[in-house]
Every structure is written in structure tokens, then in C-alpha cells.
Amino acid sequence: MKKITYILSAAVAFMTLFSCSAMLDSEEQLGALDTDKYYAEASDPQAEALAASMYTSAWSQFGNADMDNYTDDWVSTDPYKPTNNDGFMTSLYSGLYQLVYKANLIIEKLPDNTAVKKRVIGEAYFMRGWAYFNLIRAYQTPPYVDHVLTSDELAAISNGTTSELWDLCTSSFQKASELLPAKGSKGNQRNIGAHVTKEAALAFMGKAYLYAGNKSAAAAALKQVIDGGAYALLPDFRDLYTVKADFCDEYIWEFNAADDDVSQRSNEAKIDFYSNWRGEVLIMPGGCHLTGFVQGYAQTMPSKDLYDWMLAREGHSARLEGSVWTVEEAAQKFVDLSAPAYAGTPNYEGDQLAAMKAAHPGITDYQAGMRLLWTADMSQPTSSTMQGVLPAKIYMWCSDMYPATSTHDIYSMANYPAMRYADVLLLYAEAANDVNALNQVRQRAGLPALGAYSDAELRAERRAEFFDENERFWDCVRWGIAATEFAKVGSITYNTEVSPATYEVKITSTPVDNWLGWDDKYKAFPYATSELRQTSINQNPGW
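My aim in this report is to walk through the structure given alongside it, one point at a time.

About the cut-offs
- Residues numbered from 1 in each chain as written.
- Predicted model: local features only at pLDDT ≥ 70, side-chain atom pairs only at ≥ 80, totals over all residues.
- Heavy atoms only, no water.
- Salt bridge = Lys/Arg side-chain N within 4 Å of Asp/Glu carboxyl O.
- Helix = DSSP H or I, 4+ residues; strand = E, 2+ residues; numbered from the N terminus.
- Buried < 20%, exposed > 50% of the residue type's maximum accessible area, 1.4 Å probe, protein only.
- Lys, Arg positive; Asp, Glu negative; His and termini not counted.
- Pairing = 2+ DSSP bridges.
- Core = buried A, V, L, I, M, F, W, Y, C linked by side-chain atoms within 4.5 Å.

1. What about the pattern of salt bridges?
(1) Moving on: With the rule as written, the count across this model stands at 39 salt bridges.
(2) Moving on: Notably, a salt bridge pairs Asp-409 with Arg-265, separated by 2.8 Å at the nearest N-O pair. With Asp-409 in the loop between strand 9 (389-391) and strand 10 (416-420) and Arg-265 in helix 10 (residues 265-268), this residue pair connects regions lying 144 residues apart in the sequence. In terms of burial, Asp-409 and Arg-265 fall into one category: buried.
(3) Moving on: With its nearest N and O atoms 3.4 Å apart, the salt bridge here joins Glu-280 to Arg-278.
(4) Moving on: One connected set of salt bridges, linked through shared partners, spans Glu-250, Arg-313, Glu-314, Arg-319, Lys-393, Arg-420, Arg-442, Arg-444, Glu-457, Glu-461, Glu-465 and Glu-469.

Below you can see the structure in the form of C-alpha cells.
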């Protein structure tokens, strides 16, 4: 497959907001093209390539809006020191507007004269709505751009108003729902693939309405998804983010990693070595080390407060096991995965456990597991910014991996959900004060059904259900409780150490010097200095 770059002649680029280059398949260098002519004459495969470019842009920005590390669910060392030139904030802004630009080009210039093109236009409306959902909740009053701007319009760009922005977001999702094909029934997403559907547009429209404060409109949109009967919760929470869940009935929209496209694994995989535990310190049971390669960069770890809260609330549930483990539980995983039932499977740890016990005669299975957990036979069994708890969601199991050839060639074949049906149920419960929708999610976690809806139970359920899924920060901001919930985030740093002699886990804490803590200005991201210099945009309060 040959990849070439061509230039779409369009409005003058504003920073990298409206990128005028794209990568499409072609047999020759196309050079400077007339944009109107190209779109007007685009074939179905070319239209598909335009859609693929939008999906690529959406994925590239998916992690940039991740604010989990700024919440009480994680151990962070005073994270509240961002500036208006921080890379992830500026790249989120420019990347989302690049997506808006791509969507607007398709909406304005691609004819709807085939079924494929009609679907691609629907996808463009969806992507514009999704981009604005993220822009509004991050920046609150970003520029309103509903068409491809002229040079004069670019020069005069300024803040939009909250009401008009939410109208643009929700109306884009509404239009998408009218153009996109429906999933229709359970089990049909695999036939559709990773394309967004009518139901996905309705689900995000409902979420956007709820953020905008319109509960009745939110409930109406979300109820259509529920009443359609095409979705259901996975029976086992622990299967989320694994290959078992690919195109399952819980995923409303997912980014696909094609299992048979090994040559493109580094481009398609959505779960990779960057999110693995720090490989020089910790080994993931049933993980990539079983391929002969170890790598990981994740340094921020969950808080023990989160673990203790979940344990007290729901016991040793499948949801807790699929979310966070203590160091002791991680060590025990090596033992559990050494059971005969796992023999011959990719995640089998029996050989490693036996070898470790042979190297240290007299140790127990658990002690061998603890030695396997810490790299190089506990040569340095200590980890900073860790409170004795490890993340177990979005976990890369060896059984889910593409073939690995090096320490930087570690990728999972598992699809990555951008929205789950659990979110639809809980959003609907919140919008409609509906206890039945709330109970569906609770009961999968093993909690008893409630007799009546309450905001407190809804908020607790969202925290437990969406740990490590970038919901906690935004939920607390929109509920107006961020200042309370995040009051002590980053004030204390922790260190976890295990004794190679006694296997005792010791957690120490140290107050952070010159800790700043939460400020209400963090409810909205700042605009970059370069943006302010070139436009009429007003900076968000406090920045």
C-alpha cells in the first residue's frame, strides 16, 4: 500500500487548527488539488479514506483529554501546576479543531450520491459533534466553527457562547443520527465494524445534553438507545478492554485493532507498552514478559483510598478485580495463573513460578509470586508514587498481544471503547432519576438493587464503574464538587517497598513541598499564548 501526501487547498491555516494536509492512498503524487473538484468527484474508496482520516484524528486526541491523574483516584505529586503552554492542552485544542476542519470539508463538499458517501457525511457530523463535546468541556467557550473558514474569518476568530456551542454539538449528533446506519440488533456491531452508528450518535447526543444541563433532552436521546434493545452489559466486568470484548454489545463505539493486520499493529493498537506498569520495576502477571520482552512507562498509580472505598462498598467483586489490585493481590496472580487450568495458555505462569521456587528453596507459592512481581528477583523492590495499589483495567494480557519482536513492539489486539453501554445507562439514570437503569450497572458489580434513585448513589456508581476511563474529573467538575473531592490531591507522595526477607509490604508517605492544590481555574483549560496573540480569543478566568 503506497501512502502519499497531497495538499487540500483551503483557508489559510490558523496555527495547526485547520490542517490542510492529509494522507490518502494513491498511486501517484497528486500535488495541489482543487478541493471542490476533488470532493465532488471522490469515489467511494476515496470517501472511505476521508472517513478513516477522521477516525485517526479522533484517536490521536482521545488520550489528550485524559484528566484521571488529576483526581482523587490516583496518587499524583501535586499535578495542579499546568500552564497555558502545556503540550497536552495545546495539542488537544489544535487536534480537535483539525478534526472539525476535516469534518466540515466533508459536510460541505462531499456529495451524498452513494450509500457510502451518505454514511461518511454522517460520520463527519458525528466527529464534529464529538470534537465539540471535548472542546466545550475542556475550554468551555472555544471558537464556534460550523463551516470551512475564509482567511478573514480565521483572523477574526473569537470565543463562542456556551449555548450556541452546545447547540452546534447536539445538532451535529442529531444530524449524524439521521444519516448513520443503525446497529439494529445485538451481535451486529462486528458486521458494521468500528464505524459509528445511529445509536452512537444518540448516545453522545444524550451525554452532551446532560453536560449542557438539559436533562429532559438527554433522557429522550438516551432512552432511544436503551429501548432499541441492541446493547447489553458484558456479564463479566473483567472482560472489558480484552479481545473477548471486541465488538461486544456493551461497546457503543470502539477503536479497532485488527487482529489479522499484524504489519500495522503499531498504528492500529490502542493498548500498548506505554500504559504497562514500569518494566524496570514491576512485572505484570500474565503479561508481556511471557513473550520474552518487558516494557512499560506508567508511573502514576491508583490511590489506596480508591481501593479501600471500592472494597468496603462491594467487596472482592469482579469489578474491583478488573480495576485495581493491591501488591499482595498482584503477587497472588502469579500463583493463580500457575494453576493446571492455565497450562498451555499464553498467560500461564507455572514455569516461572516453579523456577523461582527452585532458585529459593523453602519459599511459598505466594512468596515466589512476590519475587516474580518485582523485576530481577526483587533486586530493587521499591516504587515511588505508589500507595501499594496497581491498575488492573486496560491491562495487556499476553493472550491479547500481537507477536512481539522487541521491547518497543508490545501491542494488544484488544479494541478500545470510546463509550460503553454502562455509560448510557448511568447517564440515563441521572437524567431521568431512573433507578432501574442504575440498578443494572450495580447488579453486575454484585450490589443489591436500590429501591429509589439518589444522586449520591449515582455518583458513587460512576466513580466505581469508570475508574481509569477519564470520567471522574469531568463528572466532578460538572457536578460542582471538584474543589471538595480533589482538595488534597497531590499533597502527599507515597513509596511502596517490599522486604525480600519477610515479604512485608511497607508504604511510606511524605508531604509535598510547596504544594499548590486545587484552584477553580482548572475547571477550564487555558488557551495557548500563541493562540491569544493571533486571535480575538479571551483567556479563561484565572489563567
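There is more to say, and it comes next.
2. Considerations on the side chain of Glu-349
(1) Moving on: Along the chain, Glu-349 falls in the loop between helix 13 (327-336) and helix 14 (350-359).
(2) Moving on: In this structure, Glu-349 is buried with no salt-bridge partner, the nearest side chain bearing the opposite charge being Lys-333 at 11 Å.

3. Here we look at the pairing of strand 5 (residues 251-255)
(1) Moving on: Extensive coverage of strand 5 is indicated by the burial of five of its five residues.
(2) Moving on: For strand 5 and strand 10, the ladder comprises four bridges, and the chain directions are antiparallel. Along strand 10, the bridge assignment pairs Tyr-251 with Arg-420.

4. Remarks on the nonpolar core
(1) Moving on: With 127 residues, the main nonpolar core has Ile-106, Phe-126, Trp-130, Tyr-132, Tyr-139, Ile-252 and Trp-253 as its most contacted residues.
(2) Moving on: If you tally residues by element for this core, the top one is helix 4 (residues 115-139), at 14 residues.
(3) Moving on: One finds Ala-331, Met-370, Met-378 and Ala-392 within the second-largest nonpolar core, a separate group that totals 30 residues.

5. Let's talk about the pairing of strand 12 (residues 505-511)
(1) Moving on: As judged from the seven bridges shared by strand 11 (residues 492-498) and strand 12, these two strands associate in the antiparallel manner. The residue of strand 12 that forms the bridge with Thr-493 is Thr-510.

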